[in-house]
Amino acid sequence: MFTKQNLLATVVAAVAMFVLGFLIWGVATVDFFEGHTLTDAMKEEPDFPILILSNLIAAFALSSLYGKWARGYHSFGGGFQFGVWIGIFVGLGMGLLWYATSEFMDLTGHLVEAVLDIVYYGIIGAVIGMMYKATQPKGEQA
């Protein structure tokens, strides 16, 4: 679990999560989601130390899961596929659950969020896959 591959993939993925998350939700889609929000529960300014910690924890969990899922066959495409499944779970599975049980956003907002989650986690999975491949010991090349 605390291998060089996993820890390096964790750090790089955490940075990617932070930057990509900011670009998607902090810049590109702010106006869209304002129009589809039913209950605004967002803070004016995020708690950045906690945000960074959450990205590290999530990246470590994703990297650890990917390491088991990939079974030694690491690639951009395999990582992307892994991330897409995580995005489907989060975006559609949990997003529709939140739509069914809360009044955070309208259905359009949740569906767009699902698409963004699938793309976002696909990219993060690809980053993890590439890091695992780049740091894979020479004797273990699949």
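Residues numbered from 1 in each chain as written. Predicted model: local features only at pLDDT ≥ 70, side-chain atom pairs only at ≥ 80, totals over all residues. Heavy atoms only, no water.

Brief notes about the packing of aromatic side chains
This model, assessed by the stated rule, comprises 9 aromatic pairs. Here Phe-2 and Phe-60 contribute two aromatic rings whose centre-to-centre distance is 5.5 Å and whose plane-to-plane angle is 20°, an arrangement assigned as stacked. Residue Phe-2 is located in the segment before helix 1 (4-28), and its partner Phe-60 is located in helix 3 (residues 48-70); the two are separated by 58 residues in the primary sequence. When the ring of Tyr-120 is compared with that of Tyr-121, the centres are 4.9 Å apart and the planes differ by 80°; the resulting orientation is edge-to-face. Its relative accessible area of 17% is what places Tyr-121 among the buried residues. Ring-pair connections join several aromatic residues into one group, and the members of that group are Tyr-66, Trp-69, Phe-82 and Tyr-132. (Phe/Tyr/Trp six-rings, centres within 6.5 Å; stacked < 30°, edge-to-face > 60°. Helix = DSSP H or I, 4+ residues; strand = E, 2+ residues; numbered from the N terminus. Buried < 20%, exposed > 50% of the residue type's maximum accessible area, 1.4 Å probe, protein only.)

Points about the packing of helix 3 against helix 4 (residues 76-101)
At their nearest, the axes of helix 3 and helix 4 sit 11 Å apart, and the two run at 120° to each other. Between helix 3 and helix 4, the interaxial angle falls into the category oblique. Considering only the axes of helix 3 and helix 4, their crossing is right-handed. Contacts from Leu-62, Leu-65, Tyr-66 and Trp-69 of helix 3 reach helix 4 at Gly-78, Gly-79, Gln-81, Phe-82 and Ile-86. Taken together, the residues that form the contact of helix 3 with helix 4 break down as 6 nonpolar, 3 polar and no charged. (Axes fitted to C-alpha atoms, helices over the stretch in contact; angles between N-to-C directions. Parallel < 35°, antiparallel > 145°, perpendicular 65-115°, else oblique. Left-handed = near helix turned anticlockwise from the far one by under 90°. Contact = heavy atoms within 4.5 Å. Nonpolar A, V, L, I, M, F, W, Y, C, P; charged D, E, K, R; others polar.)

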